[in-house]
Each structure stands twice: as structure tokens, then as C-alpha cells.
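Commentary on secondary and tertiary structure
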Amino acid sequence: MALTRIALVGLGAMGLPMATNLVAAGFAVRGYDLRPESRAAFAAAGGVAAETPAAVAQGADALLLMVVNAAQAEDVLFAQGALDAMKPDGIVVLMATCPPKAVEHLVERVAATGRRFVDAPVSGGVVGAQAGTLTIMAAAPAETLAALRPVLEALGDRIFHVGERPGQGATVKAVNQLLCGVHIAAAAEALALAGRVGVDRAVVLEILTGSSAASWMLRDRGPRMLEDEPRVTSAVDIFVKDLGIVLEAGRGAGAALPLAALAHQLFVSTSGRGDGAADDSQVIRAYRLLNGDGA
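These numbers were taken from a predicted model, which means no experiment stands behind them.

Here's the deal with the UniProt feature "domain: 6-phosphogluconate dehydrogenase NADP-binding" (unreviewed entry) in the chain
According to UniProt, the positions carrying the feature "domain: 6-phosphogluconate dehydrogenase NADP-binding" (unreviewed entry) are residues 5–163. Measuring from the first to the last C-alpha atom of residues 5–163 gives 26 Å, for a span that is 43% helix and 25% strand.

Shown next as C-alpha cells:
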């Protein structure tokens, strides 16, 4: 049977446009967020705002979780009653970035109730969420993913079935975040060196983005590294969390990740000096301090 009643918990910078896109695609969507203003914004966009996680999930065919971490997902599902409120054969869809082992634990608890689970983290940021062009890395039995696919197609234009075992989606997202974090740190190091020797960093950036040294992160974050207070599209603390998940995944797999560990420390040091809420491009401030160039 087609999934028609969709619930989404987490109406943040990405969750709100995702929920709105589902409404536009013709789904009956309920949304919940801790913040009343987010619930109001969703209601204004044509959705139905719920006051509790249990209320948002009542009778839902699928429950999408765009929460901060696995602990929050566990709280919503079990402590706040969202799982029990779903249809008996409903599908829980975890779309947040979480450690693979934590995802495996959640799947066990959800499966024990007879409900299904899709481990489906996303990439593409706020822009992708708004445009409905997210990349979705889904791990689930093929038949479960097939049932959910129309929902995912309203959210993303690149949907990958990365495996059937729980945690495989989370692992692929960790690999993605490893490269993202290291690329941002490497771009910051290059531009910090240019600034240190007195070369115009804007000119260097133009050269690099047109050369074999270019990367998506350099082109996207590089211009913001030249600004003192750029607009925040993804905070430093997001990479403190995500690279921490990468390292946890590495430990679980017995894999050495020295570049990820170094990049993580640079983000941690930037956050530790009070810049955790700054745009993640501002990891360049860590290099300025290391080089004695000030903040």
C-alpha cells in the first residue's frame, strides 16, 4: 500500500523545507519541533503542526527523523511515545548523521515492535533541502526502500541503496563527512599560508578554484574564509560532531583515520575558543592562531 500519512520530527534549517516539499508533493504531513516558531512556520506552509512527538506520529505510515543525534532519536521514539503511535507496520526513517553502532541499536528496538526501519542520512545541506535535491544514502531491505521511495523522491534527486544492513547508511555518510571535514581544513590551511606570506588571498582563491587543486568545498567555503563574519550555512560545531562520528566509526571498524583526527582537532580548537556557532569556514581561525596571526 502507498504511504500517504507522513510525520517529520525536526523542523530546523533542513527539516522545515523537507517537510514543506513533502506537502507540495501531495503527502499528508504532520510536523513537530521543540520550537513553537518552527511549528508555526510549517503550519503557514500548509502542513499540520503537532504539539508532541506522539501526536505527530499518530497513525503515520512513515516517521522521518531530522534530529540532532541518535540520543534525540531514541528519546523521540521511545521516551516520548512516537514509535507506539505509528501504524503497526510503519517505517521509521532516520535521516540524521549518527554513529553506525547507535543506528544498529535503534534498529533492534524498532524491529522488536514489528515496525520497519530505514537508515537514510542525507547530504546536500540547506540548499539541497530547499531545492529537493538531497543525496540520500539508504540502507534497508529492498522491499522496504521500494515502499518508501516515493517519499524520498520528494526530498532528493540522488537516492542510493547502499545496503540492507542497519548502520550501512550511517557509515557511508561518515565517509562523506570525513572528506568534507578534511577538505575544509585543507582549504583553510592553504589560504592561511597565502595570507601569512602576504599574497592576496582572493587572487590565490581564484587561481586554486580554476586549477587541479580545486574541490567543491574550496569553491563553496573558500570565499567565506576571506570574510570576517560570513553568513552561517553550517556551523563549526556540526563538524565537531560529525568528525567525532567519523572517528567513532573508524574505531569500530579498526581503521586508522589520521587526517580525520587532525581535522577534528582543528574544529574542536575553533569551537573551544568560542566560535562553535560560526560558519564552518571559520576553522581558518585555528590556523591564524597557530601562526600567531591573531583571530
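Here we look at the pairing of strand β4 (residues 62–65)
One face of the sheet, then the other: side chains in a regular strand alternate in exactly this way. By the alternation rule, side chains of β4 split into Ala 62 and Leu 64 and Leu 63 and Leu 65, which are all buried. Note that strand β1 (residues 5–9) and β4 share four bridges and pair parallel. Considered in β4, the bridge of Ile 6 is made with Ala 62. Sheet topology places β4 next to strand β5 (residues 91–94); four bridges connect them, and they run parallel.

With respect to the pairing of β5
Covered by surrounding structure in β5 are Ile 91 and Val 93 together with Val 92 and Leu 94, the residues of both alternating faces. Bridge count between β5 and strand β6 (residues 116–119): four bridges; the pairing is parallel. Across the sheet, the residue bridging to Val 93 is Val 118, located in β6. Of the crossover connections in this fold, the one passing from β5 over helix α6 (residues 100–111) to the parallel β6 is right-handed.

Thoughts on the side chain of Arg 39
Examined against the element boundaries, Arg 39 turns out to sit in helix α2 (residues 36–44). For Arg 39, a relative accessible area of 12% corresponds to the buried category. A distance of 3.3 Å separates the side chain of Arg 39 from the backbone oxygen of Leu 34, its partner in a polar contact.

Topic: the packing of aromatic side chains
Going through the model one piece at a time under the given rule, you end up with one aromatic pair. Here the basic side chain of Arg 109 rests over the ring of Phe 78, its NZ or CZ set 3.7 Å away from the ring centre.

Considering the UniProt feature "domain: 3-hydroxyisobutyrate dehydrogenase-like NAD-binding" (unreviewed entry) in the chain
Per the UniProt annotation, the sites labelled "domain: 3-hydroxyisobutyrate dehydrogenase-like NAD-binding" (unreviewed entry) are residues 167–287. Counted over residues 167–287, helix gives 73% and strand 0%. Its end C-alpha atoms are 35 Å apart.

Details of α6
Given a rise of 1.5 Å per residue, 12 residues ought to cover 16 Å, and the 16 Å separating the end C-alpha atoms of α6 matches this to within 8%. Along α6, the residues that are buried comprise Pro 100, Val 103, Leu 106, Val 107 and Val 110. Down the axis of α6, the buried set is contained in an arc of 115 degrees. They therefore lie on one face. The outward face of α6, more than 90 degrees from its buried face, is lined by the exposed residues Lys 101 and Glu 108. Those residues of α6 that are buried are in contact with α4 (70–79), α5 (82–85), β5, β6, α9 (168–196) and α12 (236–253).

Thoughts on a nonpolar patch on the surface
Together, Leu 193, Val 197 and Val 199 line one region of the surface with nonpolar side chains, adding up to about 270 Å² of accessible area. Val 197 sits in the exposed class, given a relative accessible area of 56%.

Details of the nonpolar core
Counting 32 residues, the largest nonpolar core has Ile 6, Met 18, Leu 22, Leu 64, Met 95, Ile 136 and Leu 148 as its most contacted members. Mapped by element, the contributors of at least two residues to this core are β1, α1 (15–24), β4, β5, β8 (134–139) and α8 (142–153). Once you skip the residues sitting within four places of it in the chain, Leu 22 turns out to touch Ile 6, Leu 8, Phe 27, Val 29, Leu 64, Val 151, Ala 154 and Leu 155. Grouped together as the second largest cluster of nonpolar side chains are 29 residues, Ala 188, Val 236, Ala 249 and Phe 267 included.

Cut-offs used in this document
- Residues numbered from 1 in each chain as written.
- Predicted model: local features only at pLDDT ≥ 70, side-chain atom pairs only at ≥ 80, totals over all residues.
- Heavy atoms only, no water.
- UniProt positions renumbered as here; feature names shortened; annotations may be inferred.
- Helix = DSSP H or I, 4+ residues; strand = E, 2+ residues; numbered from the N terminus.
- Buried < 20%, exposed > 50% of the residue type's maximum accessible area, 1.4 Å probe, protein only.
- Pairing = 2+ DSSP bridges.
- Right-handed = clockwise from strand over helix to strand, strands pointing away.
- Polar contact = N/O pair within 3.5 Å; in protein donor to acceptor, adjacent residues only side chain to side chain.
- Phe/Tyr/Trp six-rings, centres within 6.5 Å; stacked < 30°, edge-to-face > 60°.
- Lys NZ or Arg CZ within 6 Å of the ring centre and 35° of its normal.
- Expected span 1.5 Å × (residues − 1).
- Arc of directions from axis to C-beta.
- Contact = heavy atoms within 4.5 Å.
- Patch = residues over 30% accessible without salt bridge, like charges linked within 9 Å, V, L, I, M, F, W, Y side chains within 5 Å.
- Areas by Shrake-Rupley, 256 points an atom, 1.4 Å probe, with all protein chains shown as cover.
- Salt bridge = Lys/Arg side-chain N within 4 Å of Asp/Glu carboxyl O.
- Core = buried A, V, L, I, M, F, W, Y, C linked by side-chain atoms within 4.5 Å.

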